[in-house]
Amino acid sequence: EAQVTQNPRYLITVTGKKLTVTCSQNMNHEYMSWYRQDPGLGLRQIYYSMNVEVTDKGDVPEGYKVSRKEKRNFPLILESPSPNQTSLYFCASSLAGFGSYNEQFFGPGTRLTVL
Amino acid sequence: AQSVAQPEDQVNVAEGNPLTVKCTYSVSGNPYLFWYVQYPNRGLQFLLKYITGDNLVKGSYGFEAEFNKSQTSFHLKKPSALVSDSALYFCAVRDGYGGSQGNLIFGKGTKLSVKP
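For clarity, every value in this text was computed on a predicted model and none was experimentally measured.

**Points about the packing of aromatic side chains**
Here is step 1 of the chain: Counted according to the given criterion, the structure contains 15 aromatic pairs over all chains.
Here is step 2 of the chain: Taken together through their ring pairs, the aromatic side chains of Y35, F90 and F106 of chain A together with F34, Y36, F46, F90 and F106 of chain B make up a single cluster.

As structure tokens, this is what we get:
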């Protein structure tokens, strides 16, 4: 089954404790992205990757890191989480190629609480 | 800069009635427009998209959307609402100028509630 998987689905942690949220897709997509969803703000892009070893900042990158060492994986790293990073996080992927009209496929989400 | 607006936080309709969820956008070049739906505790699911061509786009679950260039709108519609359509709906836009995989900008979402 074609899908985007994220782990963990739920995480409660404390301020300053490094964490990683994994994201993996099995569709051979070149483009991957991380979003956070907050009430009243919709989805905001954190980082995206056009291909392996190619990453770039989205609209709200502060406090986050990413890496893209393999095509299928795109982990999100919070080196020193803070309470304002409490949010619902989504990973997404899409085909790259001609134009930018490819729809994105989303993972099930990771609900993060930072105390 | 590109932007997208969903002017209604919530839309309430009765089952069997037509529904409309509104979306307006702003881009520099040609817009690529998308609608996604989010059911409770789930990720976003793609519904439909407009790239070019026919202004009326048909998508999943009986939904359709009408692209109106002069009004810079892309409203989501369904002729007869179902209770199971109750969900959070997101409009998204990407500026097609240059054809690059740029940021996809999402609206804030509209909660659709369909009552029996």
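**Some points on the state of the cysteines**
Defined simply, a disulfide is a covalent bond joining two cysteines at their sulfur atoms.
Here is step 1 of the chain: For the coordinates displayed, the defined rule picks out 2 disulfides over all chains.
Here is step 2 of the chain: Between the sulfur atoms of C23 of chain A and its disulfide partner C91 of chain A the distance amounts to 1.8 Å. Every disulfide takes its handedness from the sign of the S-S torsion; for C23 of chain A and C91 of chain A that torsion is -70°, giving left-handed. Remark: C91 of chain A occurs in strand 9 (residues 87-94) and C23 of chain A occurs in strand 3 (residues 19-25); sequence separation between them is 68 residues.
Here is step 3 of the chain: Here C23 of chain A falls in the buried class, since its relative accessible area comes to 2%.
Here is step 4 of the chain: Disulfide partner of C23 of chain B: C91 of chain B, at an S-S distance of 2.0 Å. Taking the torsion about the S-S bond as the criterion, the C23 of chain B to C91 of chain B disulfide, at about -65°, is left-handed. Of this pair, C23 of chain B sits in the loop between strand 3 (19-21) and strand 4 (24-26) while C91 of chain B is found in strand 10 (residues 87-95), placing the two residues 68 residues apart along the sequence.

**Examining the nonpolar core**
Here is step 1 of the chain: Residues W35, L47, L48, F74, L76 and Y89 of chain B are the most contacted members of the largest nonpolar core, which totals 29 residues.
Here is step 2 of the chain: Among the elements that make up this core, the one with the highest residue count is strand 10 of chain B (4 residues).
Here is step 3 of the chain: Among residues more than four places away in sequence, those in contact with L48 of chain B are L33, F34, W35, V57, K58, G59, F63, E64, A65, F74 and L76 of chain B.
Here is step 4 of the chain: In terms of nonpolar packing, the next biggest core, distinct from the first, is built from 19 residues, V21, M32, I46 and V114 of chain A among them.

**What to know about the interface of chain B and chain A**
Here is step 1 of the chain: The interface of chain B with chain A comprises 26 residues on the first partner and 27 residues on the second.
Here is step 2 of the chain: Between chain B and chain A, a total of about 2000 Å² is buried, with carbon and sulfur atoms accounting for 50% of that surface.
Here is step 3 of the chain: Connecting chain B to chain A are 1 salt bridge.
Here is step 4 of the chain: In this structure, K49 of chain B engages E103 of chain A in a salt bridge whose closest nitrogen and oxygen atoms are separated by 2.7 Å.
Here is step 5 of the chain: Our enumeration of links across chain B and chain A arrives at 3 residue pairs in polar contact (both at pLDDT 80 or more).
Here is step 6 of the chain: Among the elements of the structure, strand 5 (31-38), strand 6 (44-50), strand 10 and strand 11 (105-106) of chain B are those that each provide at least two residues to the side of chain B that touches chain A.
Here is step 7 of the chain: In terms of residue class, the side of chain B that touches chain A is built from 11 nonpolar, 10 polar and 5 charged.

**A closer look at the pattern of salt bridges**
Here is step 1 of the chain: The tally for this structure, following the rule as stated, stands at 8 salt bridges over all chains.
Here is step 2 of the chain: Between K65 of chain A and E79 of chain A there is a salt bridge, with the nearest N and O atoms lying 2.9 Å from each other. Taken together, the positions of K65 of chain A in strand 7 (residues 65-66) and E79 of chain A in the loop between strand 8 (76-78) and strand 9 put the pair 14 residues apart, joining distant regions of the chain.
Here is step 3 of the chain: Residue classification places E79 of chain A among the partly exposed residues on the basis of a relative accessible area of 37%.
Here is step 4 of the chain: Its salt-bridge partner being E64 of chain B, residue K58 of chain B comes within 2.9 Å of it at the nearest N-O pair.
Here is step 5 of the chain: Its relative accessible area of 62% is what places K58 of chain B among the exposed residues.
Here is step 6 of the chain: Residue class for E64 of chain B comes out buried when judged on its relative accessible area of 18%.
Here is step 7 of the chain: Here the residues in one salt-bridge network are K18, K65 and E79 of chain A, joined through shared partners.

**Quick word on a nonpolar patch on the surface**
Here is step 1 of the chain: On the surface, a nonpolar cluster with roughly 320 Å² of combined accessible area is contributed by I12, V14 and L115 of chain A.
Here is step 2 of the chain: Within the secondary structure, L115 of chain A is located in the segment after strand 11 (110-114).

**Section: the pairing of strand 3 of chain A**
All names here are of chain A.
Here is step 1 of the chain: Burial runs high along strand 3: 5 of the 7 residues are buried.
Here is step 2 of the chain: Both strand 1 (residues 4-7) and strand 3 contribute to a ladder of 4 bridges, which runs antiparallel. When the bridges of strand 3 are listed, V4 appears paired with Q25.
Here is step 3 of the chain: As paired elements, strand 3 and strand 8 share 3 bridges and run antiparallel to each other. Paired with T20 across the strands is I77, a residue of strand 8.

Reading the values: the criteria
Residues numbered from 1 in each chain as written. Chains lettered and ligands numbered in written order. Predicted model: local features only at pLDDT ≥ 70, side-chain atom pairs only at ≥ 80, totals over all residues. Heavy atoms only, no water. Phe/Tyr/Trp six-rings, centres within 6.5 Å; stacked < 30°, edge-to-face > 60°. Disulfide = S-S within 2.5 Å. Helix = DSSP H or I, 4+ residues; strand = E, 2+ residues; numbered from the N terminus. Buried < 20%, exposed > 50% of the residue type's maximum accessible area, 1.4 Å probe, protein only. Core = buried A, V, L, I, M, F, W, Y, C linked by side-chain atoms within 4.5 Å. Contact = heavy atoms within 4.5 Å. Buried area = accessible area lost by both parts, 1.4 Å probe. Salt bridge = Lys/Arg side-chain N within 4 Å of Asp/Glu carboxyl O. Polar contact = N/O pair within 3.5 Å; in protein donor to acceptor, adjacent residues only side chain to side chain. Nonpolar A, V, L, I, M, F, W, Y, C, P; charged D, E, K, R; others polar. Patch = residues over 30% accessible without salt bridge, like charges linked within 9 Å, V, L, I, M, F, W, Y side chains within 5 Å. Areas by Shrake-Rupley, 256 points an atom, 1.4 Å probe, with all protein chains shown as cover. Pairing = 2+ DSSP bridges.

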